[in-house]
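Close look at the chain arrangement
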Amino acid sequence: MQLNSISVFCGSGSGTNIIYQTIASDLGKELAKQKIKLIYGGAKIGLMGSVAEGALQNNGEVIGIIPDFLKTKEVVHDHLSELIIVKTMHERKTKMNELSDGVIALPGGFGTMEEFFEILTWGQLGLHEKPMGLLNINGFYNSLIAMMDGMVKEGFLKEINRNMVLVGENIGELISKMKGYTPPPIDKWITAETT
């Protein structure tokens, strides 16, 4: 699968371990090296700022998308390749989806989870065929991965859909999995048994 651009969802905080900032910066650097455009939330703080700086310092193209109400001098990154101002959080997410060929989630909080899982759900419903990956820095996503496996075990998630979530312990592994991704066939609910 061709990856010309990747949306990165991640925390506006930096976390308690410096490894999160370091790997976020390394991801930006690697995307720049591979000539993959970074699409992200437009902030200069937290892991968002780290991934953007990693790309920019290595001559990468970085497009930030930020809602107008968050566009304060303390938050918005003002040295990007392009900054797109939108009205709402949902519009931001929709625009990030439109501009990207794939999605990577770094560690983050509620916002990161919400963004990743909504776009993942769009893929489950056949609205896109993009690879979706978790960069499992420092085992951050171990409990989430276990929860998804539990959803399969308890009959709330098909294994074929669980496998849409690609997991990499390092940047190279994850990008390689994303480039080799094949989306599942879509037959979520409308079947002979349900009609």
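A brief structural summary. Within every chain, residues take consecutive numbers counted from 1 along the sequence as written. The predicted origin of the model limits local features to residues at a pLDDT of at least 70 and limits the giving and counting of side-chain atom pairs to 80 or more, whereas totals for whole chains, interfaces and linings rest on all residues. Based on all heavy atoms of the structure, the side-chain values leave hydrogens and waters out of the count.

Before going further, it helps to examine the sheet that holds strand β3 (residues 62–67). Here we have seven strands laid out as an open sheet, ordered β4-β3-β2-β1-β5-β6-β7, and parallel in their pairing. Each edge of the open sheet is held by one strand with a lone partner, namely β4 (82–86) and β7 (165–168). Taken pair by pair, the neighbouring strands of this sheet meet at an average axis angle of 25°, ignoring direction. When DSSP finds at least two bridges between two strands, those strands are taken to pair. Here a strand is any run of E in DSSP of at least two residues, a helix any run of H or I of at least four, and the numbering for each starts at the N terminus. Helix axes are fitted to C-alpha atoms over the stretch in contact, other axes to C-alpha atoms as well, and angles between N-to-C directions run from 0 to 180 degrees.

Another aspect to go through is the side chain of S100. Here S100 lies in the loop between α3 (89–99) and β5 (102–105). Burial classes follow relative accessibility: with a 1.4 Å probe on protein chains only, a residue under 20% of its type's maximum area counts as buried, one over 50% as exposed, and anything between as partly exposed. Accessibility expressed as a relative area gives 3% for S100, which makes it buried. Within polar-contact distance, the side chain of S100 engages the backbone oxygen of M96 at 3.0 Å. Whether two residues are in contact is decided by their heavy atoms, any of which lying within 4.5 Å being enough. If near-sequence neighbours (up to four positions away) are discounted, S100 is found in contact with S5, I6, S7, I39 and K130. What qualifies as a polar contact is a pair of N or O atoms within 3.5 Å, subject to a donor-acceptor requirement within protein and to the restriction that residues adjacent in sequence count only when both atoms come from side chains.

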